[in-house]
Amino acid sequence: MTEQSGKSSQTRVIFLLSLLLLWYVICKLEIYPNYLLPSPAMVLNTLKRGFLDGAYFPALFQSSKRVLIGYLTAVVIGSLLGLAISRFKQLSNTVGESLTALQSIPSVAWVPLALLWFGISESAVLFIVILEAFIPCSLGVQNAIKNIPPKLILAGRSLGCESFDLYKRIIIPAILPQLISSLRLSWAFAWRALIAGELFINGSGLGQTLELGRSLSDMSEVIAMMLIIAVIGYVADNILFRKLEESTNHYS
Amino acid sequence: MLKIDKLNLKFKANGFIKNLFNDFDLSVDKGEFICILGPSGCGKSSFLNILAGFEKNYTGSVLLNGEKILKPDIKRAIVFQDYALFPWLNVIENVSFGLKNRISNHQERFMQAIRYLELVDLVEHSRARIHEISGGMQQRVAIARALAVQPEILLLDEPLGALDDWSRRNLQNELIKIWTELKQTILFVTHSVDEALLLASRIVVMNVNSEKVLDIQLKTEHPRKIDHPESVKIRLLIKDVLNQKLKKNTQENAAQSSSGDNIFDPSI
């Protein structure tokens, strides 16, 4: 590790500790009652109990399963749609245009329809996750293809690449860096949509546990869930996807 | 080898339909180093696009060894001004790119690529990433990539336009070496008169209306000097022809009060 990055991770730790301290002090001063703002120790206790009892594991498992299935489906649909829209002008004028409009609808707005169509079930959540996550992926692929320097395509064609080969050897590698960025964006959308959807359905999951905490007025449960959601989101985004992005840095 | 008869290309620009080439004829023999010289916007690049097979909506006949040119093919390799290398591949992978369909063995492909990297003096950089090498080196990689498929004709679209003086001179010598060693047929498009005089075995001059106005063989041996008597004579001739044609054009234009034509580029 270089001195620079060692220093910046030091600052990060200090920042997080001071946030924690602030939270602790506010609780200690008893500005808000405990049932509105539980102390760090209470949340820590809830987390400890949840993990030691094993109560959180089914929730984590179910949520991960849902988000992975939904996300992967969305990525496949989104990438293929993006490729198709870039290839056919008619599609771009019709479907391509409406995607941008679709993107401005937040996932929660789909919940009533999803519940009506699929019932209070897992399928409703999957529907919302896929719907949310395929759009950034598709738009990203379209944009990336539009940005390929035309000369690269011509060079590829004059070196013997046509049709399928052109996709395999020129277009896909050329869009890879931007594709990974859109996968990252899609992931963030999928993760939010998952939690939003889970708030409304039965069974186990992070969203359901959070909602349960709300109905029992157990704010330390709510905050514990929020922390877990944040940590998983952070790990995926900043560790997994950043590594992937760095591996294509030499492209530009 | 390359035979062009009555070439015409119609295309739309700013709402005007423009006719390029005006029954252009050209016949290129094996082993010639032809420079197509003309002012900016005279259709030189469109001409190369037709030869490369990117543009097929022309009329007339364009034949390479009796075969009509309608799509890209490795028999006609092209080098662009901005290199157009594949940044996700390293130097040797770029050079062996076009060999994929011809040589199935990975190792043999690299062996062939190495031969062409030797020719352009880049063997020690064969594993380098594209962004790690200079513009001049990138253009040499692009030339090696085009030569590696052993094309019948090498098309060069102002390949030295983006380079600094030093790299340009270097690459000019490189091209002369390639031409003399490989007996490679080369068709080189440029707007620089001096470059054409240094390199070509034959110069074809186009005017702003993309008509052929001059077709001269150059006799002087390489390497040439810019102030060689033959060069000086031909330079004057070229400038004369282009200026005359320009004058005639402006008179015609004034008479017909038509607009939308290209303006002569004084930089040549």
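Note that the coordinates shown come from a computational prediction; the quantities given were computed from them, not determined experimentally. (Residues numbered from 1 in each chain as written. Chains lettered and ligands numbered in written order. Predicted model: local features only at pLDDT ≥ 70, side-chain atom pairs only at ≥ 80, totals over all residues. Heavy atoms only, no water.)

1. Description of the overall build of chain B
Item 1. In terms of regular secondary structure, chain B is built from 7 helices and 10 strands.
Item 2. Relative to the 2.2 N^0.38 estimate, which gives 18 Å for 268 residues, the radius of gyration of chain B is 19 Å and therefore close to what a compact globule would have.
Item 3. For chain B, the C-alpha atoms occupy an extent of roughly 65 × 40 × 35 Å along the three principal directions.
Item 4. In chain B, which comprises 268 residues, the proportion classed as buried is 53%. (Helix = DSSP H or I, 4+ residues; strand = E, 2+ residues; numbered from the N terminus. Rg over C-alpha atoms; globule rule 2.2 N^0.38 Å. Buried < 20%, exposed > 50% of the residue type's maximum accessible area, 1.4 Å probe, protein only.)

2. Remarks on a nonpolar patch on the surface
Item 1. The grouping of L21, Y24, V25, L29, I31, Y32, Y35 and L36 of chain A at the surface amounts to a nonpolar patch, some 880 Å² of accessible area in total.
Item 2. Within the element layout of this structure, Y32 of chain A appears in the loop between helix 1 (3–28) and helix 2 (40–53). (Patch = residues over 30% accessible without salt bridge, like charges linked within 9 Å, V, L, I, M, F, W, Y side chains within 5 Å. Areas by Shrake-Rupley, 256 points an atom, 1.4 Å probe, with all protein chains shown as cover. Salt bridge = Lys/Arg side-chain N within 4 Å of Asp/Glu carboxyl O.)

3. Topic: the packing of helix 8 (residues 163–198) of chain A against helix 10 (residues 219–246) of chain A
Residues and elements named next belong to chain A.
Item 1. Contact pair helix 8 / helix 10: the axes reach a minimum separation of 10 Å and the direction vectors enclose 170 degrees. In terms of axis orientation, helix 8 runs roughly antiparallel to helix 10. In this structure, helix 8 uses I180, S181, L183, R184, W187, W191 and I195 to contact helix 10, whose residues at the interface are I229, I232, G233, A236, D237, N238, F241, R242, L244 and E245.
Item 2. Its residues assigned to classes, the contact of helix 8 with helix 10 comprises 10 nonpolar, 3 polar and 4 charged. (Axes fitted to C-alpha atoms, helices over the stretch in contact; angles between N-to-C directions. Parallel < 35°, antiparallel > 145°, perpendicular 65-115°, else oblique. Contact = heavy atoms within 4.5 Å. Nonpolar A, V, L, I, M, F, W, Y, C, P; charged D, E, K, R; others polar.)

4. Examining the domain arrangement of chain A
How big an interface is tends to be stated in terms of the accessible area lost upon association of its parts.
Residue and element names in this part refer to chain A.
Item 1. If you check the domain split of chain A, you get domain 1 (1–31) and domain 2 (36–251).
Item 2. Using C-alpha coordinates to define each centre, domain 1 is positioned 29 Å away from domain 2.
Item 3. At the interface, 6 residues of domain 1 touch 7 residues of domain 2.
Item 4. Roughly 460 Å² is buried in total at the junction of domain 1 and domain 2, and carbon and sulfur atoms are behind 83% of that figure.
Item 5. At the boundary of domain 1 with domain 2, the tally comes to 0 salt bridges.
Item 6. At the boundary of domain 1 and domain 2, one finds 1 residue pair in polar contact (both at pLDDT 80 or more).
Item 7. Across the side of domain 1 that touches domain 2, the residue classes tally to 5 nonpolar, no polar and 1 charged. (Domains from an automatic or database assignment. Buried area = accessible area lost by both parts, 1.4 Å probe. Polar contact = N/O pair within 3.5 Å; in protein donor to acceptor, adjacent residues only side chain to side chain.)

5. A short note on the domain arrangement of chain B
All names here are of chain B.
Item 1. Taken domain by domain, chain B holds domain 1 (2–75 + 152–256) and domain 2 (86–150).
Item 2. The gap between the C-alpha centroids of domain 1 and domain 2 is 27 Å.
Item 3. Taken residue by residue, the interface counts 14 residues in domain 1 and 13 residues in domain 2.
Item 4. For the domain 1 and domain 2 pair, buried surface summed over both sides reaches about 1,200 Å², with 72% attributable to carbon and sulfur atoms.
Item 5. Considering only the surface of domain 1 that becomes buried against domain 2, I74, L171 and E174 emerge as the three largest contributors, covering 37% of it.
Item 6. Scanning the region where domain 1 abuts domain 2 turns up 1 salt bridge.
Item 7. At the junction of domain 1 and domain 2, the tally comes to 2 residue pairs in polar contact (both at pLDDT 80 or more).
Item 8. Considering every element that reaches the side of domain 1 that touches domain 2, the biggest residue donor is helix 5 (residues 165–182), with 8 residues.

6. Some remarks on the pairing of strand 8 (residues 185–190) of chain B
All names here are of chain B.
Item 1. Among the 6 residues of strand 8, 6 are classified as buried, and the element is accordingly described as predominantly covered.
Item 2. Covered by surrounding structure in strand 8 are T185, L187 and V189 together with I186, F188 and T190, the residues of both alternating faces.
Item 3. Where strand 3 (residues 33–37) meets strand 8, 5 bridges bridge the pair, whose relative direction is parallel. In the strand pairing of strand 8, C35 is matched with F188. (Pairing = 2+ DSSP bridges.)

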